[in-house]
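# Structure at a glance
The primary structure of each chain is shown beneath.
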Amino acid sequence: MADADVLKSMVDETRRFVRQDLIPAEEWVEEHDEIPQHLIDKMKSLGFFGMTIPEQYGGLGLSMYDEVCVVAEIGYASPVFRSYFGTSNGVGTLGMLIDGTEEQRRSYLPRIAKGELVASFCLTEPDAGSDAAALKTKAVKDGDHYVINGTKRFTTNSPHAGIFTVFARTGKEQNSSAISAFLVERGTPGITVAPHYRKMGFRGSHTADVIFEDCRVPASALLGGREGVGFKTAMRSLDHARLHMSAVATGLSARLIDEGVKYAQERVQFGKPISQYQLIQAMMADSEAEALASRAMIERVAKMKDEGLPVTKETACCKYFTTEALGRIADRMLQVHGGYGYIKEYPIERLFRDARLFRIYEGTSQIQQLIVAREMLKQRAA
Ligand code: COS
């Protein structure tokens, strides 16, 4: 964990950047469906692309606690900005950090930390979403190479990515024990990134299918040099990434509350600001209580993770609670705006659409419930 003063100055600097640079650019991003290059450059200079990458590989080496504190600040802006560097810190690099060889880490992490190389995570497929172990992409050994064939779906940042962590079947078994992970560089013949999807929200963050057709990679691309452990690498990466995502959701909840309360203080009906009415206050109070609970959860679980404790159940609890709370808060704060919440005049309409994704990606709420219940039963059986 960083020294308290160092963390405070990082949080303060991030808060300033969010308010001075990111929030004023949100509408431009929405309209143009891209992030201006000068903001990407500023995010690079602040070290955001290497936030979780250890210092020895050129990153900031934040602890999980530091990470949730900084990320909750970034989450206060449109989640699109965080999304651009999110995969480089999260699922796109965690595999290398958890199971990669030293050579693999040295080859990619310093460039990812600088923002020169965007990392992307190819797990989901057309027929393997929640049931990730059902993936069909194959990697067949051919001498000192593997040949990869398959289609990966909804791959965040794939249009910008320079390196993909690709999960593929190397064995004949139909279960998760036949899944391996590969580090595949963009530009390898046989990779096609499809045009990005038109989504409900998150304009400016690009998600596309990645198609592998007879894509030959050297055997050294096999993550950690071991077949059959890829599924566990993916699950362990997601344990971390779901806590990171919970911090983003917590930041966005705080923003939505500020937007709703500001509107309630300005909007006059029946002769006084609507913030003076108890039915509006109830929505404010319910939202504030849930935001506080979210904040307490992420901080506590981050500390547990830093202590090396198992947190599969706890990160799933965080992802489940913070993103469902975010959904309720977004709905209430839009309700506070009344008819003005349903038109594009205020940020709430866009943030509401963005908030909807949180209950779906990096594992739906239903998958988080399933993980929590399974872990509870496992603990009781032990
Ligand atoms: N950490 C380490 N190992 C884990 C693990 C974790 N968090 N979760 C599972 N494993 C291990 C299990 O212990 C098991 O190992 P053994 O075979 O040695 O016993 C193996 O992985 C298979 O686990 P399990 O049987 O639980 O797999 P299932 O296919 O039943 O389901 C879920 C696992 C549902 C949890 C998984 O498919 C999942 O997370 N799905 C959602 C995927 C997702 O989030 N997609 C979003 C897009 S990716 S950004």
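None of the values given here were measured: they were computed from a predicted structure. (Residues numbered from 1 in each chain as written. Predicted model: local features only at pLDDT ≥ 70, side-chain atom pairs only at ≥ 80, totals over all residues. Heavy atoms only, no water.)

## Structural notes on the overall build of the protein
From N to C terminus, the protein includes 11 helices and nine strands. Here the C-alpha atoms of the protein give a radius of gyration of 21 Å, agreeing with the 21 Å that 2.2 N^0.38 yields for 382 residues. C-alpha atoms of the protein, sized along the principal axes, occupy 80 × 50 × 45 Å. Per-residue burial over the protein gives 54% buried out of 382 residues. Sequence separation of at least 24 residues holds for 74% of the intrachain contacts in the protein that already meet a minimum separation of 6. In the structure as shown, the protein presents an accessible area of about 17100 Å², 53% of it carried by carbon and sulfur atoms. Here the protein contributes 47 positive and 49 negative side-chain charges, whose respective centroids are spaced 4 Å apart. (Helix = DSSP H or I, 4+ residues; strand = E, 2+ residues; numbered from the N terminus. Rg over C-alpha atoms; globule rule 2.2 N^0.38 Å. Buried < 20%, exposed > 50% of the residue type's maximum accessible area, 1.4 Å probe, protein only. Contact = heavy atoms within 4.5 Å. Areas by Shrake-Rupley, 256 points an atom, 1.4 Å probe, with all protein chains shown as cover. Lys, Arg positive; Asp, Glu negative; His and termini not counted. Charge placed at Lys NZ, Arg CZ, Asp CG, Glu CD.)

## Focus: the packing of helix H3 (residues 64-74) against helix H7 (residues 230-266)
As a packed pair, H3 and H7 sit with axes 7 Å apart at the nearest point and diverge in direction by 35 degrees. In this structure, H3 crosses over H7, and the sense of that crossing is right-handed. Of the residues in H7, those touching H3 at Met 64, Glu 67, Val 68, Val 71 and Ala 72 are His 240, Leu 243, His 244, Ala 247, Val 248 and Gly 251. (Axes fitted to C-alpha atoms, helices over the stretch in contact; angles between N-to-C directions. Left-handed = near helix turned anticlockwise from the far one by under 90°.)

## Quick word on the nonpolar core
Counting residues in each nonpolar core, the largest one holds 63 residues, and the members touching the most others are Phe 81, Leu 256 and Phe 358. Of all the secondary structure elements, the ones that give two or more residues to this core are helix H1 (4-32), helix H2 (37-45), H3, helix H4 (79-89), H7, helix H8 (278-306), helix H9 (312-337) and helix H10 (347-356). Looking at which domains feed residues into this core, each of domain 1 (4-114) and domain 3 (232-381) gives three or more. Once you skip the residues sitting within four places of it in the chain, Phe 81 turns out to touch Leu 22, Ala 25, Glu 26, Val 29, Ile 35, Leu 39 and Met 43. (Core = buried A, V, L, I, M, F, W, Y, C linked by side-chain atoms within 4.5 Å. Domains from an automatic or database assignment.)

## Focus: the site of the ligand
Around the ligand sit 21 residues, and of these Ser 130, Lys 232, Asp 239, Arg 242 and Arg 374 come closest. In this structure, a nitrogen atom belonging to the ligand sits 2.8 Å away from a main-chain N or O atom of Ser 130. Here Lys 232 contributes a side-chain N or O atom positioned 2.7 Å from an oxygen atom of the ligand. Against a free-state accessible area of 1000 Å², the protein chains account for coverage of 67% of the ligand. (Near = heavy atom within 4 Å. Polar contact = N/O pair within 3.5 Å; in protein donor to acceptor, adjacent residues only side chain to side chain.)

## Section: the pattern of salt bridges
Enumeration over the complete set of coordinates arrives at 23 salt bridges. One salt bridge connects Lys 114 with Glu 116, and the closest N-O pair in it is separated by 4.0 Å. You'll find Lys 114 and Glu 116 in the same group, each marked exposed. A salt bridge links Lys 344 to Glu 349, with the nearest nitrogen and oxygen atoms 3.1 Å apart. A relative accessible area of 58% places Lys 344 in the exposed class. (Salt bridge = Lys/Arg side-chain N within 4 Å of Asp/Glu carboxyl O.)

## Points about the environment of Asn 149
In this structure, Asn 149 sits in strand E3 (residues 145-156). Between the C-alpha atoms of Asn 149 and Thr 137, which are 12 residues apart in sequence, the distance is 5.7 Å. With near-sequence residues (within four places) excluded, Asn 149 lies in contact with Thr 137, Lys 138, Phe 212, Glu 213 and Asp 214. Polar side-chain contacts of Asn 149 include one of 2.7 Å to the backbone nitrogen of Asp 214.

## A look at unusual backbone geometry
For Asp 33, which is not glycine, the phi dihedral falls at a positive 55 degrees. Position of Asp 33 among the secondary structure elements: in the loop between H1 and H2. Since its relative accessible area comes to 17%, Asp 33 is described here as buried.

## A closer look at H9
An ideal rise of 1.5 Å per residue puts 38 Å on 26 residues; H9 measures up with 38 Å between its terminal C-alpha atoms. Burial within H9 is extensive, with 19 of its 26 residues counted as buried. Two residues or fewer past H9, Gly 338 is found with a positive phi of approximately 55 degrees. (Expected span 1.5 Å × (residues − 1).)

## Some words on the packing of aromatic side chains
Counted by the stated rule, this structure contains 14 aromatic pairs. Aromatic side chains Phe 121 and Phe 167 sit 5.1 Å apart centroid to centroid with 70 degrees between the ring planes, which places their arrangement in the edge-to-face category. Pair noted here: Phe 121 is in strand E1 (residues 118-122) and Phe 167 is in strand E4 (residues 161-169), with a separation of 46 residues, a long-range link. Summarising the aromatic geometry, the rings of Phe 154 and Tyr 197 are spaced 5.3 Å apart at their centres and angled 65 degrees between planes, so their arrangement reads as edge-to-face. With Phe 154 in strand E3 and Tyr 197 in the loop between strand E6 (191-193) and strand E7 (207-218), the pair connects residues that are 43 residues apart, well separated along the chain. Judged by relative accessible area, Phe 154 falls into the exposed class, the value being 51%. Classification of Tyr 197 as partly exposed rests on a relative accessible area of 29%. (Phe/Tyr/Trp six-rings, centres within 6.5 Å; stacked < 30°, edge-to-face > 60°.)

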